There are 4 protein chains.
Amino acid sequence: MIVEMRKGAARESVDGVVARAKSLGLGVQLNLGTDKTVVALLGSNTGQLSPDLFAVLPEVESVTRIMKPYKLAAREFKPFPTVVKSANVEIGGRKLVVMAGPCAVESEAQLFEAARIVKKAGATVLRGGAYKPRTSPFSFQGLEKTGLELLAKAKTEFGMPVISEVVDPRDVENISESVDILQIGARNMQNYALLTAVGRQKKPVLLKRGLSSTIDEWLTAADYLLAGGNDQVILCERGIRTYETSTRFSLDISAIPVIKRFSHLPVVVDPSHAAGHYALVPAMAKAAVAAGADGLLIEVHPNPKEALVDGLQSLTPSDFSRLMEELRAVAAAVGREI
Amino acid sequence: MIVEMRKGAARESVDGVVARAKSLGLGVQLNLGTDKTVVALLGSNTGQLSPDLFAVLPEVESVTRIMKPYKLAAREFKPFPTVVKSANVEIGGRKLVVMAGPCAVESEAQLFEAARIVKKAGATVLRGGAYKPRTSPFSFQGLEKTGLELLAKAKTEFGMPVISEVVDPRDVENISESVDILQIGARNMQNYALLTAVGRQKKPVLLKRGLSSTIDEWLTAADYLLAGGNDQVILCERGIRTYETSTRFSLDISAIPVIKRFSHLPVVVDPSHAAGHYALVPAMAKAAVAAGADGLLIEVHPNPKEALVDGLQSLTPSDFSRLMEELRAVAAAVGREI
Amino acid sequence: MIVEMRKGAARESVDGVVARAKSLGLGVQLNLGTDKTVVALLGSNTGQLSPDLFAVLPEVESVTRIMKPYKLAAREFKPFPTVVKSANVEIGGRKLVVMAGPCAVESEAQLFEAARIVKKAGATVLRGGAYKPRTSPFSFQGLEKTGLELLAKAKTEFGMPVISEVVDPRDVENISESVDILQIGARNMQNYALLTAVGRQKKPVLLKRGLSSTIDEWLTAADYLLAGGNDQVILCERGIRTYETSTRFSLDISAIPVIKRFSHLPVVVDPSHAAGHYALVPAMAKAAVAAGADGLLIEVHPNPKEALVDGLQSLTPSDFSRLMEELRAVAAAVGREI
Amino acid sequence: MIVEMRKGAARESVDGVVARAKSLGLGVQLNLGTDKTVVALLGSNTGQLSPDLFAVLPEVESVTRIMKPYKLAAREFKPFPTVVKSANVEIGGRKLVVMAGPCAVESEAQLFEAARIVKKAGATVLRGGAYKPRTSPFSFQGLEKTGLELLAKAKTEFGMPVISEVVDPRDVENISESVDILQIGARNMQNYALLTAVGRQKKPVLLKRGLSSTIDEWLTAADYLLAGGNDQVILCERGIRTYETSTRFSLDISAIPVIKRFSHLPVVVDPSHAAGHYALVPAMAKAAVAAGADGLLIEVHPNPKEALVDGLQSLTPSDFSRLMEELRAVAAAVGREI
């Protein structure tokens, strides 16, 4: 952390900064320049300290944090990539994971049909929402418990791990028993009560990036899960909020190489929610694989025209099969496989 | 809702749109133009229907929702302004409310000292956080139950209603018993499990705008509270996320007249979190009052230099007293009082 | 500038940083920590140096610029506020300036009628566009030379300075002869050819903030004008681009106190372009005055329903008169006058 | 265009909308609903009309433009993809174009060395800036005329078309004589004086997307070039401004499929300016090709550590050669070649 004093700051003000640093156990390096005094604060945990602790002191002009705010999710903390395992599926290895299925579980017929389709095309994890966070209280909120039961049934029937979203800390235990991977949605990325509860159970967790979260905030949210003892964390880029309106969100493709540079956690991409429109999904999915993503989360519906939720961004079975073929070629081009 | 068909769309595709509209109980008005067919869908609940229901149909080019997505929070639903009441304090009337106090409750001494200061300067509600949503799991998370007890004590001691944040649906009952106004923070604005739980209790609720929520989404979140039966809802603008870095967030001052135009709910402004720096708070607070806000939520700390959380954005007692004087003048200039 | 080396960086890499610093005439302060080496670079012009000069060197982890990128616009360069003068009007003093008039000059009748109205209500500068930057080549582009002539005529007739936009460096001389204040629009804030040409003439310049410019970039653009020798620069906040769609742009009200803190230049606010809708203009104008703006730029049209450009954001004569009354009260409340 | 009247609007207000529509030559379709009157305006040029023309009329609640604001750049205007030609290079065909070279021309030695490197690795167009738009007036502004002469010399020496930026309408003729493709930078995307001047000359133009421009605004800016008679327009996505700070800009990868859907113009990607850091460029370049871009614009410097401008985002010769190999594989995977 670098503390810059105001031009002509009094010696006592500089001393105030030094005293606070020492009280926090930090080392101090002082530069009494001719123009401005600059104080460098040294220590292994300066990333977790608030810059405000120094910015409030008299005659401080600015405080700059150099260390990252996250700790357990950092590559410096764990230099080797994390590979998450669920049944026979590995996420973060050479082989890419494709998690596919409907946005919401609607019925056994719909879920099983979707499972059959995505499994045949090569997906290895089945997705399906039982608890749906909806912007309006008047919209369909998911089948809830019935949905969970159907997912558990589909898992046995098709021999694929299933992933489903958890929205309430009171449901964590229940959902953790029924599904293989717990998903935390974008709107809950900074729901710390939920993160804490999910971090305490042992199933792998997929943590979606918040709608307007920086990558630093996202990895700091992952710290909540990791600090709880759960080291099976998958990150999921799903588009960020910008001024552009031709897509529902703007897929931040550069998040992939940035995550790979600063974190050991695997990262997958959800092109469906970012696009908001099926016609854009294939290009975005291929881009994600080319950029180095460890997998994809894709919405597929047996009949998108009849979907209860997010039909417009769901691929049809034939579009999904074609996309999987294309993805295999792109994966091979970047030294991966599907 | 307006459905625009692709140029040269087949008659069956148009019929498909009409059939779906009828199955949803909507009226239909058809324009078979020479160039493009446009279908207007009519009904009182088209704001709550997803445009995707039509956008997925064959040969549909675009779907435009004309009605607002929220319902209960709309001025059309309730033409007269809502005035929220807590003890002898009214929010949304001619008199402005100033809610002030420390970001976090740290001790009885700190809270009581803050209460004494803000009451003397003219604030009518005491704020103080017992449960703090913090970006890092390694930061101070609030005094929790002890904090609640101190708030309840301060309330009796100073005869002021207290407001405090709730972050977990499991705490709603408990907090509702201890404090007078429940606050839902920006990061939980779309935490529907929490909104639902809070909407079921009877104390007034202050709903902060999400970091990157549109005004439409904010009012739709308010619908969750209103749909639960709680009509004592206060909105709080606290800055939105933009690319600008000289302030922590960008205070969206225009949200005030927009809310006044489209909703019956009162709206207050939190200049402290938007600014992130005490030096900017007075200008922003005065702007909020001039723009028509119904009140302010301001962080004040007996000694900001020693604050455990957000000291940099807290006003000192003397700065707060001076600001209250200035606010009285601005309020009078726009026909209000403090 | 602070250069942080990678963990375990070789001594030669640190030497490389030091050597480059010395070649640029910078002082160097070295901290060979146990964990990471941090190099502080010292000098009076580090704000104008690109951090990339150091970031490209081997084993550099990050480079943080502490000094601001602008120089001539900084309060440190000139500690007293700049007061811009045009005829008998001062901008940046105790008295606020209100510049009002139509978006585009349409005819003598329209311009003169607008001038009469705004003068009577208390505006002291007449605005009117002769050259209009329009997003589509198929839209009305302004009366151009005829518009300039009408502005010059109105100026004589009503004894008010006039302000008008310049969009092409080839027009600078011409426009500078006809009008009193040259306006540079938001879309041209980083049109350096235009800034350079305008900086060389002597009439005052109003520099609008770019649609997505940071305050630092805005003040650095002002440096182009100041470096050309023109010290009569007025800044104009006109809303920034965000994800919110209920207003055309989001007025960044906090820009006012930020500018006052870091720059000596006067700052005015254009609520009309930010809002995009007349109904929101009064609240935003009052907020701007309460926040400390030195004036306003407001669109007024004798008959907005017939305006060729931006009629929706123009005030009617009676709305403008009423607003001026309200603004007088708010100005008085913050120790200013209109 | 759809005009929605306020609930209970008077018949005269509806008549006012109809009268204005007719005066503009538009067809009108009226729905006198029980709740709200909706007026559909029909005509082939409603995309170019401002919605404000109707929004200002009495009792109008909202106006929704359904047609796109651009015309000549639209796929509806020209159903077949445009292929731009410069010497023996085609942009927009099956073969991808790679334009590479230094950010700024610094000397003959530097430019020729860069040309040799990029040609050998497979690039077919040489890039190099002679006129540099710099945020600070105190930064290196390019070699200007000398730079142009060096580009012309390199073109002859290496037999490659060259691309360079134009920043001033007064330089268009001169630059058009020296280089093969004129580049309009992001900060000048809405510099209409420049667009108009460049649209009148005949060399191909590369139009970068503005820092915060929507895709609609970008295509409307292209209309300025096309309306001037120049149909050789290449679009270039180079990252948009968002709140994320780990990259200089956020590459909007979805812009590629969106452009392909709505426009006939070819689109290339500049990963260098979006990333701001060489380490991220390869992943972003591969993503662009996988998403369907028609080519890339990449900064390569013989010795990035000594670059005068943007060294941090420039690839070294060996990094560029390796990337070209990787790009060939990705291009083949999506049915293209380099």
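Here the structure is a predicted model, which means the values were calculated and not measured.

## Description of the interface of chain A and chain B
- Between chain A and chain B, the residue contacts involve 46 residues of the former and 46 residues of the latter.
- Taken together, both faces of the contact between chain A and chain B bury some 3800 Å²; the carbon and sulfur share is 54%.
- Joining chain A to chain B, the criterion identifies six salt bridges.
- A salt bridge links Arg248(B) to Asp52(A); its shortest N-O distance comes to 3.2 Å.
- At the boundary of chain A and chain B, one finds 19 residue pairs in polar contact (both at pLDDT 80 or more).
- Looking at the side of chain A that touches chain B, the elements that each hand over two or more residues are helix 2 (52-55), helix 6 (192-200) and helix 7 (215-227) of chain A.
- No other element matches the five residues that helix 7 of chain A contributes to the side of chain A that touches chain B.
- Partitioned by chemical class, the residues of the side of chain A that touches chain B number 19 nonpolar, 13 polar and 14 charged.

## Examining the packing of aromatic side chains
- Enumeration over the complete set of coordinates arrives at eight aromatic pairs over all chains.
- When the ring of Tyr192(A) is compared with that of Tyr224(A), the centres are 4.6 Å apart and the planes differ by 25°; the resulting orientation is stacked. On the criterion of sequence distance, the pair formed by Tyr192(A) in helix 6 and Tyr224(A) in helix 7 is long-range, its members being 32 residues apart. Each member of the pair, Tyr192(A) as well as Tyr224(A), carries the same accessibility label: buried.
- A centroid spacing of 5.4 Å and a plane angle of 85° characterise the contact between Phe112(C) and Phe158(C), whose relative ring orientation is edge-to-face.

## Description of the UniProt feature "domain: DAHP synthetase I/KDSA" (unreviewed entry) in chain A
- UniProt records the feature "domain: DAHP synthetase I/KDSA" (unreviewed entry) at residues 88-326 of chain A, using the numbering of this structure.
- Along residues 88-326 of chain A the backbone is 38% helical and 15% strand, and the end-to-end C-alpha distance reaches 24 Å.

## Considerations on the relation of the copies chain A and chain B
- For these two chains of identical sequence, chain A goes onto chain B by a turn of 180° and a shift of 0.0 Å along the axis, with RMSD 0.0 Å. Expressed as an axis order, the relation between the two copies is that of a two-fold axis. Measuring from the rotation axis to each C-alpha of chain A, the shortest distance belongs to Ser212(A), at 3.0 Å.
- The fraction of interface residues of chain A whose copies in chain B are also interface residues reaches 100%, indicating that both copies meet through the same surface.

## Re the packing of helix 3 (residues 108-121) of chain D against helix 11 (residues 317-333) of chain D
Residues and elements named next belong to chain D.
- It is at 9 Å that the axes of helix 3 and helix 11 come closest, and there the two elements cross at 25°. The angle between helix 3 and helix 11 places the two elements in the roughly parallel class. Where helix 3 crosses over helix 11, the two elements pack in a sense that is right-handed. On the side of helix 3, the interface is formed by Ile117, Val118 and Ala121, while helix 11 contributes Pro317, Phe320, Ser321, Met324 and Arg328.
- The class makeup of the residues in the contact of helix 3 with helix 11 is six nonpolar, one polar and one charged.

## Focus on the packing of helix 10 (residues 281-290) of chain B against helix 10 (residues 281-290) of chain C
- Axis separation between helix 10 of chain B and helix 10 of chain C bottoms out at 7 Å; the angle between their running directions is 150°. In terms of their interaxial angle, helix 10 of chain B and helix 10 of chain C are classed as roughly antiparallel. The handedness of the crossing between helix 10 of chain B and helix 10 of chain C is right-handed. Contacts between helix 10 of chain B and helix 10 of chain C involve Ala283(B), Lys286(B), Ala287(B) and Ala290(B) on the former and, on the latter, Ala283(C), Lys286(C), Ala287(C) and Ala290(C).

## Observations regarding the pairing of strand 10 (residues 181-184) of chain C
Residue and element names in this part refer to chain C.
- With burial as the criterion, each face of strand 10 is covered, one bearing Ile181 and Gln183 and the other bearing Leu182 and Ile184.
- You can see the chain leave strand 9 (residues 162-165), run along helix 5 (residues 172-178) and come back into strand 10, and the turn it takes is right-handed.
- The pairing of strand 10 with strand 11 (residues 205-208) spans three bridges and is parallel. Residue pairing in the sheet places glutamine 183 in a bridge with leucine 206 of strand 11.
- Where the polypeptide runs from strand 10 across helix 6 (residues 192-199) and back to strand 11, its parallel neighbour, the crossover connection is right-handed.

## Here's the deal with the side chain of Ser136(C)
- Tracing the backbone shows Ser136(C) in the loop between strand 8 (125-127) and helix 4 (145-158).
- Ser136(C) gets classed as buried once you look at its relative accessible area, which sits at 5%.
- Ignoring sequence-local partners within four residues, the contact set of Ser136(C) consists of Gln141(C), Gln48(D), Thr220(D) and Tyr224(D).

## Examining the domain arrangement of chain A
- The domain architecture assigned to chain A consists of domain 1 (2-64) and domain 2 (84-333).
- Once you take the C-alpha centre of each, domain 1 of chain A and domain 2 of chain A turn out to be 44 Å apart.

## Considerations on the interface of chain D and chain B
- With 20 residues of chain D at the interface, the matching set in chain B holds 19 residues.
- Counting each side, the surface lost to burial between chain D and chain B is near 1700 Å², with a carbon and sulfur contribution of 55%.
- Where chain D meets chain B, there are zero salt bridges.
- Summed over the shared surface of chain D and chain B, the number is zero residue pairs in polar contact (both at pLDDT 80 or more).
- Elements with a minimum of two residues in the side of chain D that touches chain B: strand 1 (2-5), strand 2 (27-32), strand 3 (37-42), strand 4 (60-64) and helix 8 (255-262) of chain D.
- Among the residues forming the side of chain D that touches chain B, the class breakdown is seven nonpolar, five polar and eight charged.

## Things to note about the environment of Gly27(C)
All names here are of chain C.
- Along the chain, glycine 27 turns up in strand 2 (residues 27-32).
- Each C-alpha atom of the pair glycine 27 and leucine 41 lies 5.7 Å from the other, and the pair is 14 residues apart in sequence.
- Setting aside residues up to four positions removed in sequence, glycine 27 forms contacts with Ala40, Leu41 and Leu42.

## Some remarks on the state of the cysteines
Residue and element names in this part refer to chain A.
- In the structure shown here, the tally under the stated rule is zero disulfides over all chains.
- For cysteine 103, which is in no disulfide, the shortest distance to another cysteine sulfur is to cysteine 236 and amounts to 13 Å.
- The class for cysteine 103 is buried, based on a relative accessible area of 2%.

## Let's talk about unusual backbone geometry
- Of note, Ala87(C) is a non-glycine position whose phi angle comes to about 50°, a positive value.
- Mapping Ala87(C) onto the fold places it in the loop between strand 5 (84-86) and strand 6 (89-91).
- Under the relative-accessibility criterion, Ala87(C) is labelled exposed at 70%.
- The phi angle at Glu144(D) is positive, at roughly 50°, despite the residue not being glycine.
- Within the element layout of this structure, Glu144(D) appears in the loop between strand 8 (125-127) and helix 4 (145-158).

What counts as what
- Residues numbered from 1 in each chain as written.
- Chains lettered and ligands numbered in written order.
- Predicted model: local features only at pLDDT ≥ 70, side-chain atom pairs only at ≥ 80, totals over all residues.
- Heavy atoms only, no water.
- Contact = heavy atoms within 4.5 Å.
- Buried area = accessible area lost by both parts, 1.4 Å probe.
- Salt bridge = Lys/Arg side-chain N within 4 Å of Asp/Glu carboxyl O.
- Polar contact = N/O pair within 3.5 Å; in protein donor to acceptor, adjacent residues only side chain to side chain.
- Helix = DSSP H or I, 4+ residues; strand = E, 2+ residues; numbered from the N terminus.
- Nonpolar A, V, L, I, M, F, W, Y, C, P; charged D, E, K, R; others polar.
- Phe/Tyr/Trp six-rings, centres within 6.5 Å; stacked < 30°, edge-to-face > 60°.
- Buried < 20%, exposed > 50% of the residue type's maximum accessible area, 1.4 Å probe, protein only.
- UniProt positions renumbered as here; feature names shortened; annotations may be inferred.
- Least-squares fit on C-alpha atoms with pLDDT ≥ 70 in both.
- Axes fitted to C-alpha atoms, helices over the stretch in contact; angles between N-to-C directions.
- Parallel < 35°, antiparallel > 145°, perpendicular 65-115°, else oblique.
- Left-handed = near helix turned anticlockwise from the far one by under 90°.
- Right-handed = clockwise from strand over helix to strand, strands pointing away.
- Pairing = 2+ DSSP bridges.
- Domains from an automatic or database assignment.
- Disulfide = S-S within 2.5 Å.

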